[in-house]
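Spelled out from the first residue to the last, the chains are:
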Amino acid sequence: MKLSLRILALLLSGMFMLQTAGCAAESGSADVKAVTDEYLGTKAIPTPEPTPTPKPVSAEVRALFGRNRRVSLERAEREYMTGRLLIPDAGIDVALFSDGEGDDEALIRQNICDAEDSAAIYPVGDGIVIADHNNQGFINLGQVKAGDRAYILRGDSILSLECEQAIDGHNTGEGLTDADGNPFTAVSEYMCYTCDDSWTNIKIVGFRVIDEDIIR
């Protein structure tokens, strides 16, 4: 009888230990789940940003990549050079300079234009003016017509322009105007000009910006 009671006690003790272990396991699983839920709640995995699609580059601009690299090297060698203007339909290809030698702005621009392969570029009002002599870089400026494309190569970018208008104008000695006397700044975003038959009569070609490609 005593042996049977002892066996029964051992059996009951074993069952209690198994039940306790099961509860502990369940409790442990619950704790792990709680910690996991808390972590995922406060450390949510962010949704990755979509990779931006590169802007397509036109075939005309792509064909200028090699020349643009040479302009980058050229700018490193020629002080104050800011880029190079190309107007393919008129055969215009001239370096652009924003500064140079001279005691004032007028003399600086004159010296820039007097040099070979050198056109002056400077702001006037809300626009940008590019000037050169009609026997040098702008010898064919009068051939440019509406719709013609132009490009400014800067080494790190290529600016694409389109001719809006080609008009006659005047140099009054105090400033530049169109044929009706309106200020030169009202013509276009970019304005190329050169002398016509005299320094007081000028040719003005206005361009609008149509695109800019950043070259990396």
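Provided above is the structure to which this section pertains.
Residues numbered from 1 in each chain as written. Predicted model: local features only at pLDDT ≥ 70, side-chain atom pairs only at ≥ 80, totals over all residues. Heavy atoms only, no water.

Student: Explain helix α4 (residues 105–114) here, please?
Tutor: Three or four residues apart is the spacing at which side chains of an α-helix point the same way, because the helix has 3.6 residues per turn. Residues of α4 that are buried: Ile108, Ile112 and Cys113. Across the axial projection of α4, the buried residues extend over an arc of 130°, all falling on one side. Among the structural elements, β2 (92–97), β3 (119–124) and β4 (127–131) are those in contact with the buried residues of α4. Among the residues of α4, the N-terminal cap falls to Asp104, whose side-chain oxygen and the backbone nitrogen of Ala106 are separated by 3.2 Å. (Buried < 20%, exposed > 50% of the residue type's maximum accessible area, 1.4 Å probe, protein only. Helix = DSSP H or I, 4+ residues; strand = E, 2+ residues; numbered from the N terminus. Arc of directions from axis to C-beta. Contact = heavy atoms within 4.5 Å. Polar contact = N/O pair within 3.5 Å; in protein donor to acceptor, adjacent residues only side chain to side chain.)

Student: Which parts of the structure should I look at to understand the layout of surface pockets?
Tutor: A water-sized probe rolled over the atoms picks out the places where empty space is left. Empty space within the largest pocket amounts to approximately 420 Å³. Forming the walls of the largest pocket are 16 residues, and the residues nearest its centre are Gln110, Tyr122, Ala131, Asn171 and Tyr193. Element by element, the count of residues in the lining of the largest pocket is highest for α4, at four residues. Each residue belonging to the lining of the largest pocket can be placed in one class, and the counts come to nine nonpolar, five polar and two charged. Counted as a void, the second largest pocket has a volume near 200 Å³. In this structure, the second largest pocket is lined by Lys55, Val57, Arg62, Phe65, Glu212, Asp213, Ile214, Ile215 and Arg216. Residues belonging to the lining of the second largest pocket are distributed by class as follows: four nonpolar, no polar and five charged. (1 Å grid on protein atoms, 1.4 Å probe; cavity = no way out; pocket = protein on both sides within 12 Å on 5 of 7 lines; lining within 4 Å. Points joined across faces, edges and corners; volume = space filled by probe spheres on them. Nonpolar A, V, L, I, M, F, W, Y, C, P; charged D, E, K, R; others polar.)

Student: Looking at this model, I keep getting lost on the environment of Gln143. Mind explaining?
Tutor: Along the polypeptide, Gln143 turns up in the loop between β4 and β5 (149–153). Separated by 52 residues in the primary sequence, Gln143 and Gly91 place their C-alpha atoms 9.4 Å from one another. Those residues in contact with Gln143 that lie beyond four places of it in its chain are Ala90 and Asp148.

Student: What is the right way to read the side chain of Glu74 from this model?
Tutor: With respect to the helices, strands and loops of the structure, Glu74 is situated in helix α3 (residues 65–77). With near-sequence residues (within four places) excluded, Glu74 lies in contact with Met81, Arg84 and Asp117.

Student: Sorry if this is basic, but what is going on with α3 here?
Tutor: Between its first and last C-alpha atoms α3 spans 19 Å; for 13 residues at 1.5 Å apiece the expected length is 18 Å, and the two agree. Elements in contact with the buried residues of α3: β1 (81–87), β5 and β6 (157–171). (Expected span 1.5 Å × (residues − 1).)

From the geometry alone we can't say anything about function, so treat these as descriptive.
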